[in-house]
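# Coordinates in review
Spelled out from the first residue to the last, the chains are:
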Amino acid sequence: MSDSDANKMWGGRFKMSPAEIMERINASIDFDQRLARDDLAGSKAHAAMLAATGIISNGDKAAIYKGLDQVADEIAAGTFQYSRALEDVHMNIESRLQELIGEPAGRLHTARSRNDQVATDFRLYVRGGLDAFVTALAGLQVVLARKARTHAATVMPGFTHLQPAQPVTFGHHLLAYVEMFSRDRGRFQDARVRLNECPLGAAALAGTSFPIDRHATANALGFDRPTANSLDSVSDRDFVLETLAAATICAVHLSRMAEEIVLWVTPQFGFLKLSDRFTTGSSIMPQKRNPDAAELCRAKVGRIAGALNSLVIVMKGLPLAYSKDMQEDKEVAFDAFDSLNLAIAAMTGMVEDMQPQPEAMRKAAGYGYSTATDLADWLVRELKMPFRQAHHVTGSIVALAEKDGVDLAGLPLAAMQSVEPRITDAVFSVLSVENSVASRTSYGGTAPHNVEKSAADWVSRLEKEQQTG
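To start, this report covers the structure provided alongside it. (Residues numbered from 1 in each chain as written. Predicted model: local features only at pLDDT ≥ 70, side-chain atom pairs only at ≥ 80, totals over all residues. Heavy atoms only, no water.)

## Some thoughts on the overall build of the protein
- Across its full length, the protein holds 20 helices and six strands.
- Scaling as 2.2 N^0.38, a compact globule of 469 residues should have a C-alpha radius of gyration of about 23 Å, whereas the protein reaches 31 Å, well beyond that.
- Along the first, second and third principal axes, the C-alpha atoms of the protein reach 100 × 55 × 40 Å.
- Looking at the protein residue by residue over its 469 residues, the buried ones come to 48%.
- Across the protein, contacts joining residues at least 24 apart in sequence account for 74% of those joining residues at least 6 apart.
- Summed over all atoms, the accessible surface of the protein reaches about 22,400 Å², with 53% contributed by carbon and sulfur.
- Within the protein, one finds 49 positive and 57 negative side-chain charges whose respective centroids are separated by 2 Å. (Helix = DSSP H or I, 4+ residues; strand = E, 2+ residues; numbered from the N terminus. Rg over C-alpha atoms; globule rule 2.2 N^0.38 Å. Buried < 20%, exposed > 50% of the residue type's maximum accessible area, 1.4 Å probe, protein only. Contact = heavy atoms within 4.5 Å. Areas by Shrake-Rupley, 256 points an atom, 1.4 Å probe, with all protein chains shown as cover. Lys, Arg positive; Asp, Glu negative; His and termini not counted. Charge placed at Lys NZ, Arg CZ, Asp CG, Glu CD.)

## Section: the packing of helix α12 (residues 238-264) against helix α14 (residues 329-353)
- Look at α12 against α14: their axes get within 10 Å of each other, and the N-to-C directions meet at 30 degrees. Here α12 is positioned roughly parallel relative to α14, judged by the angle of their axes. Of the two elements, α12 crosses α14, and the hand of that crossing is left-handed. Listed contacts from α14 to V240, T243, L244, A247, C250, A251, L254, M257, A258 and I261 of α12 are A333, A336, F337, L340, A343, I344, M347, M350 and V351. (Axes fitted to C-alpha atoms, helices over the stretch in contact; angles between N-to-C directions. Parallel < 35°, antiparallel > 145°, perpendicular 65-115°, else oblique. Left-handed = near helix turned anticlockwise from the far one by under 90°.)

## A look at helix α4 (residues 36-52)
- Compared with the 24 Å implied by 1.5 Å per residue over 17 residues, the 24 Å span of α4 between its first and last C-alpha is a close match.
- Counting buried positions over the 17 residues of α4 gives 12, a clear majority of the element.
- All buried positions along α4 are accounted for by A36, D38, D39, L40, G42, S43, A45, H46, A47, M49, L50 and A51.
- Remark: G54 follows α4 within two positions and exhibits a positive phi of approximately 80 degrees. (Expected span 1.5 Å × (residues − 1).)

## Quick word on the pattern of salt bridges
- Applying the stated criterion across every chain, the model contains 29 salt bridges.
- Note that D30 and R84 form a salt bridge whose closest N and O atoms lie 2.6 Å from each other. A residue pair is termed long-range when its members are at least 10 positions apart, and D30 in helix α3 (residues 29-32) and R84 in the loop between α5 (58-77) and α6 (89-101) qualify at 54 residues.
- D30 sits in the exposed class, given a relative accessible area of 53%.
- Measuring nitrogen to oxygen at the nearest pair gives 3.2 Å for the salt bridge that ties R114 to E87. Placement of the pair is R114 in helix α8 (residues 114-150) and E87 in the loop between α5 and α6, with a sequence separation of 27 residues. (Salt bridge = Lys/Arg side-chain N within 4 Å of Asp/Glu carboxyl O.)

## Let's talk about the packing of aromatic side chains
- Within this structure, the stated rule accounts for 13 aromatic pairs.
- Directly above the aromatic system of Y65 lies the positively charged group of K61, at a separation of 5.3 Å from the ring centroid.
- A cation over an aromatic ring shows up here: R461 above the ring of W458, its NZ or CZ 4.0 Å from the ring centre. (Phe/Tyr/Trp six-rings, centres within 6.5 Å; stacked < 30°, edge-to-face > 60°. Lys NZ or Arg CZ within 6 Å of the ring centre and 35° of its normal.)

## Considering the packing of helix α16 (residues 372-383) against helix α17 (residues 387-404)
- Axis separation between α16 and α17 bottoms out at 9 Å; the angle between their running directions is 135 degrees. Comparing their axes, α17 and α16 come out oblique. Between α16 and α17 lies a crossing of right-handed hand. On α17, the residues touching A372, L375, A376, D377, L379 and V380 of α16 are F387, A390, V393, T394, I397 and V398.

## Some remarks on a nonpolar patch on the surface
- Judged by side-chain polarity, I21, M22 and I25 come together as a nonpolar surface patch covering roughly 320 Å² of accessible area.
- Assignment of secondary structure puts M22 in helix α2 (residues 20-26).
- The partly exposed category is assigned to M22, whose relative accessible area is 41%. (Patch = residues over 30% accessible without salt bridge, like charges linked within 9 Å, V, L, I, M, F, W, Y side chains within 5 Å.)

## Side note on the side chain of T243
- Residue position: T243 is located in helix α12.
- A relative accessible area of 0% means that T243 is categorised as buried.

## Thoughts on the pairing of strand β2 (residues 163-169)
- Relative to β2, strand β1 (residues 155-160) runs antiparallel, the two sharing six bridges. Bridge pairing links P157 to P167 in β2.
- Hairpin connection from β1 to β2: two residues lie between these consecutive antiparallel strands, with H161 at a positive phi of about 60 degrees. (Pairing = 2+ DSSP bridges.)

## A closer look at the environment of K453
- Within the secondary structure, K453 is located in helix α20 (residues 448-468).
- Sequence separation between K453 and A152 is 301 residues; the distance between their C-alpha atoms is 9.1 Å.

## Some thoughts on unusual backbone geometry
- Here the amide bond leading from L320 into A321 is cis, since omega sits at 10 degrees, within 30 degrees of zero.
- By secondary structure assignment, the location of A321 is in the loop between α13 (292-315) and α14.
- The phi torsion at Y369 lies on the positive side, around 55 degrees, for a residue other than glycine.
- Relative to the elements of secondary structure, Y369 occurs in the loop between α15 (358-365) and α16.

## Digging into the environment of D39
- Looking at where D39 falls in the secondary structure, it is placed in helix α4.
- For the pair formed by D39 and I93, sequence separation is 54 residues and the distance between their alpha carbons is 8.4 Å.
- Not counting residues up to four positions away in its chain, the partners in contact with D39 are V89, H90, I93, Q117 and D121.

Rendered as structure tokens:
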């Protein structure tokens, strides 16, 4: 490219080509070509508005539409030639449009700037990403809820501090993640509401003197309204930050679940099995079955949280309005979106694939005197004992059982009565893990009929949502 051609998109201000290193650091086309579909949509909406307000002719609009459609076809076919010399997706598309239709292409940029153009394109892209997250999470939730319904009465240990605490059911445990992912979906939906304002027409930073109709372009692109302040319109990246923050929380939830899968498929736990579809082998140890999919889901939060942190640092000191620093918003966001979508898909597949091992779960549910709280509750309920006293009595009984190497149900009644004479053999009715979970009937508790109802409600609600779109 000659010096005379190098800056044809810039007009007469620049006479020399940029240094090679300047071109490398300045260009974003290697990654922002992802925005091509959104850029084409924004350009069509802008051209339609310019024609409707008489700023350009209908003939120019028709030529622009025809050219943009051809560009879209070339991009879809993979024949579109991107040039780093043209910096970004906007200039690449405009340059190709000019080659295709000539003079009318030069009128498309009337009353807009790349500043409001990229802000609009990126909002469109992020909005699509938010919708994809909400849909993908619904798919994960329904798989979890179906498995929870199947295992509403499958007893397993509940943990605090990763120590046996009280028996719960596997279905109840899975529904905890359904609730987490429901909050994630809510955060993504809330972010979408705040995002859904259109910057197009804010121009470089101050608006424009042309009689544009910003409400028309906002409506054409599916936004609720135009943004209200031209300075804020081009300098705002809250919509990306908020999405990345919500994505980070969601990735944390996926990571916590992945960690439990990693633990539960070990021989030491043995609660789950994963098939060959979601495990890998070892290059040296032929017996190994490694839960790599879960481990990689666990790791994705590092990249996603890193993207949030990166953009926070980019934005923290920027004066209004646009600065080139903001070009750094896209690569990290694109990577975070890809990572989260992949992690959700992998987790959905693993939940479908996992094979619970009820016998191992049930056996482990009784470890660590996990029905001690049931004993204390029985003392309060039947002997009218204050809970703190019941807690002390139960602790003494646990110490006896531990000394004799038996669980609470295996401790003779006489041994219990040596601590509290009023205890009767009715106490044994609460000491099994099955009776323990069955007794947790409070709203949100682990009683199997609670879990069955909650799981069925979630499945019905999510399936109806999927059917209505």
